[in-house]
Amino acid sequence: MNAVLRVVRGLQSLLVGLGITGRESLRRAVTLQYPRERPDATHWGGPIELVTFPATGTHDCIACNACARICPSDCFEIEGKRPEGARKMRATKFFLDFSTCSLCGLCIDVCPTDTLQYSRRYDDAAFHRVQTVNDLLAPFGEDPYLMGKLQ
Amino acid sequence: MSVLHHLLAAVLGDFLASLVLGVVFLMGFLTFNVLFLIWLERKVAGHIQRRLGPMEVGPHGALQTVADMLKLLSKELFTPVAADRYTYLLAPILVFMPTLCVASLIPVGDAAAFAEMPYGLIVITALSGLTVISIFMAGWSSNNKYAVLGGLRSVAQVVAYEIPVLLSALSVVLIAQTLDLQRFGDTRSWPHLFGLPLPYVVVEPVAAVIFLIGITAETNRAPFDIPEAESELVGGFHTEYSGMRFAMFFFAEYTNMMVLGALGATLFLGGWKGPLLPGWLWIMLKAYAVIVVMMWARWTFPRLRFDQLMSFAWKLLIPLALANLVVTALVLGAIA
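Residues numbered from 1 in each chain as written. Chains lettered and ligands numbered in written order. Predicted model: local features only at pLDDT ≥ 70, side-chain atom pairs only at ≥ 80, totals over all residues.

Asker: Please set out the overall build of chain A residue by residue, giving values where relevant.
Answerer: Scanning chain A from terminus to terminus reveals 3 helices and 5 strands. In terms of overall dimensions, chain A is more spread out than a globule: its C-alpha atoms have a radius of gyration of 26 Å, far above the 15 Å expected for 151 residues. C-alpha extents for chain A along the principal axes are approximately 95 × 30 × 30 Å. Counting every position in chain A, which comprises 151 residues, the buried fraction comes to 15%. (Helix = DSSP H or I, 4+ residues; strand = E, 2+ residues; numbered from the N terminus. Rg over C-alpha atoms; globule rule 2.2 N^0.38 Å. Buried ≥ 20, exposed ≤ 12 C-beta atoms within 10 Å, placed from the backbone.)

The structure is reproduced here in C-alpha cells:
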C-alpha cells in the first residue's frame, strides 16, 4: 500500500513539474536580441559624467577637488584655471579612472555645484587599461568661460 | 514519382527501382525531419527556459541546423590510435540502418507504407533492438573508458525498457487482434463510444504512458540519457567521434524518435486516421505531438541515476505492464 502511494505521489510530482515548465514556456522570453534590442537603461547608473546645464550649455565644474578628496578609490585627476577677472576656477583637466571606480556616488553627493551625475552608458569596452580613464571634459570642447565668451 | 519509377524500372528492374526510389525518398524526408527536429528541440528548450532559442540564421533560426550540419561536414574526422579501427568506422554507419528499415514499415495511409508486412510490429521490435548493437560497437571500439561505460549502460537500458514497450504494445494488439500495422487504422476494430470510433489510448491509457516512458528510454533521451550523461561520461558512447560520424549518431537518435513517435501514434493515437487532412499529414502531426511531449519531459526532469533507472524499469514498469496486459486479456475474455 505504501509503495502504491509512493508511485502515485511520484507520478503526481512529475505532472506538477511538467505543468511548471509548460506554463513558463508560454510566458514571454526574457532574452533581448542584444545589438538590435537594447534594455531600458534610464534608471541605471553608469560611469560618472559631467552635467550639461541648459542655461550655459556647459558644465559647472570649479575644480574644487571635493570629489577627488572624498573618492575612496582615488579615481580623479583634476586641474583648474581661473579665467581673467573671475572668482571661480574652471576645470581644464578632469580624468576619471573607471577601472578603479566603484560607482559609489560619493562624488555626486559632495559636488558643491551639482555638476556630477551617473551617465546612462552601460556598454563601455576597451582593449587596454589606459583606455578606461575617461576624459570627462572631452565632450565639451573649448571652455566658454576660459575663452571669455561667458562671465 | 510513378514516371520516375517507370524510367528507373526500365534500367534496374521493378524491385530495384522501388528500392532505390524508396530509400532516396525516405532518406530525404528523414534528413529534413532531423534538421527540423533539432531546431524544434532547441526552440522548445529555449521557451521552457524563457529564452528564444536560435534566432539568427534564417527566420526564427530555421536554418540554424543547416548551418550546423555544414559545419559538422567540414570538420576533421578523428580516429583514436588505439581504436578497433573497422568496428569504429562501421558503427556510425550501422546505427542508421535499423531506423531506416523501421521507418519504411510505418503506414502513412490506407494502403501506403514503403514496405508492407503482415507482421510489421514484430519486425519493428526486432529491428529497433539492433540500434543498441551499433551503439555498443561504438562504445567498445573507441577504446575509451567513458565510451565503453556509455555503451554498457545503453545495452542494459535498452534490454530493460524493450520489455515494457513490447508488453504495452501487446495489450493493444490483443484488442486489435492483429500484428499488421496497416490494420491498426481499421476503425471497425477501434473501441466505440456512442457509435464514435476512438483511438486505443482511450481504453489503454496505462499502456500508452508506459509506451511513452519506454520509447523515451529506448531513444536514450533525458531523463533516461545515462548512456551519454554529459556530466559523468563526457559524451558516453560517442565521446571519440567527431564531425559527420558524430552527426550520424545524432541523426539516428532523432530519426529513432520520429519513428518510435510514429509507431506510438499508430498504436495508440489512431495512426493516419483523422478528419479533413490527408493521412500522411495526420500521422506526422501525431508523431510530432508525441515528440514534443518527449522534449517537454527532457527539459523538465533531471537525469536518473543508473540504479534508479534500472529499478524503475524492473520493479515498476514491467510489473505494471504485465498487470495491464492481464487485465486487458481478462476484460476481453469477459466481453467475449
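Don't stop here, the text continues.
Asker: Would you mind going over the overall build of chain B in detail, with residue names and values included?
Answerer: Helix and strand counts for chain B stand at 13 helices and 2 strands. Here chain B has a C-alpha radius of gyration of 21 Å; the compact-globule value for 336 residues is 20 Å, and the two agree. Along the three orthogonal principal directions, the C-alpha set of chain B runs to about 65 × 55 × 40 Å. When the 336 residues of chain B are sorted by exposure, 41% land in the buried category.

Asker: Can you lay out the domain arrangement of chain A for me, pointing to particular residues and giving the numbers?
Answerer: A common way to report how large an interface is uses the accessible area buried once the components associate. Per the domain assignment, the segments making up chain A are domain 1 (1–30) and domain 2 (48–140). Measuring from the centre of the C-alpha atoms in domain 1 of chain A to the corresponding centre in domain 2 of chain A gives 56 Å. (Domains from an automatic or database assignment.)

Asker: Go over the domain arrangement of chain B, please, and point to the residues and values.
Answerer: Residues and elements named next belong to chain B. Domain boundaries in chain B define domain 1 (1–74) and domain 2 (79–335). Listed by partner, the interface residues are 14 residues for domain 1 and 17 residues for domain 2. At the level of secondary structure, the elements contributing two or more residues to the side of domain 1 that touches domain 2 comprise α2 (14–48) and α3 (64–73). It is α2 that contributes the most residues to the side of domain 1 that touches domain 2, 11 residues altogether. Split into classes, the residues belonging to the side of domain 1 that touches domain 2 amount to 11 nonpolar, 2 polar and 1 charged. (Contact = placed C-beta atoms within 7 Å. Nonpolar A, V, L, I, M, F, W, Y, C, P; charged D, E, K, R; others polar.)

Asker: Any details on the pairing of strand β3 (residues 90–97) of chain A? Residues and values, ideally.
Answerer: All names here are of chain A. Of the pairings in the sheet, the one linking strand β2 (residues 76–81) to β3 comprises 6 bridges and is antiparallel in character. Across the sheet, residue E79 finds its bridge partner in β3, namely K93. Here β3 pairs with strand β5 (residues 133–135) via 3 bridges, running antiparallel. Of the residues in β5, the one forming a bridge with L96 is N134. (Pairing = 2+ DSSP bridges.)

Asker: Pulling in residues and values, what's your account of unusual backbone geometry?
Answerer: Residues and elements named next belong to chain A. Not every positive phi belongs to a glycine, and A63 is a case in point at roughly 55°. Structurally, A63 can be placed in the loop between β1 (48–50) and α2 (66–70). You will see that N65, though not glycine, has its phi angle at about 65°, which is positive. Structurally, N65 is set in the loop between β1 and α2.

Asker: How would you sum up the interface of chain B and chain A? Please name residues and give values.
Answerer: Contact residues are listed per partner, giving 12 residues for chain B and 13 residues for chain A. Elements with a minimum of two residues in the side of chain B that touches chain A: α2 and α12 (279–298) of chain B. For the side of chain B that touches chain A, a count of residues per class yields 8 nonpolar, 2 polar and 2 charged.

Asker: With reference to specific residues and values, describe the sheet that holds β5 of chain A.
Answerer: All names here are of chain A. Here 3 strands make up an open sheet; going across it, the order is β2-β3-β5 and the pairing antiparallel. Edge positions in the sheet fall to β2 and β5, since each has one partner strand and no second. Taken over all neighbouring pairs, the strand axes of this sheet differ in orientation by 15° on average, direction set aside. (Axes fitted to C-alpha atoms, helices over the stretch in contact; angles between N-to-C directions.)

Asker: I'd love a proper account of the environment of A176 of chain B, names of residues and values included.
Answerer: Residues and elements named next belong to chain B. Among the structural elements, A176 can be located in helix α8 (residues 145–176). Classification of A176 as partly exposed rests on a count of 19 C-beta atoms within 10 Å. Separated by 14 residues in sequence, A176 and W190 have C-alpha atoms that sit 7.1 Å apart.

Asker: Hey, could you go over the packing of α2 of chain B against helix α11 (residues 243–268) of chain B for me, with residue numbers and the actual values?
Answerer: Residues and elements named next belong to chain B. Closest axis-to-axis distance for the α2/α11 pair is 9 Å, and the angle between their directions is 95°. The orientation of α2 relative to α11 falls into the category roughly perpendicular. Where α2 approaches α11, its residues L30, N33, V34, L37 and I38 are matched on the opposing element by F251, Y254, T255, M257 and M258. Partitioning the contact of α2 with α11 into residue classes produces 8 nonpolar, 2 polar and no charged. (Parallel < 35°, antiparallel > 145°, perpendicular 65-115°, else oblique.)

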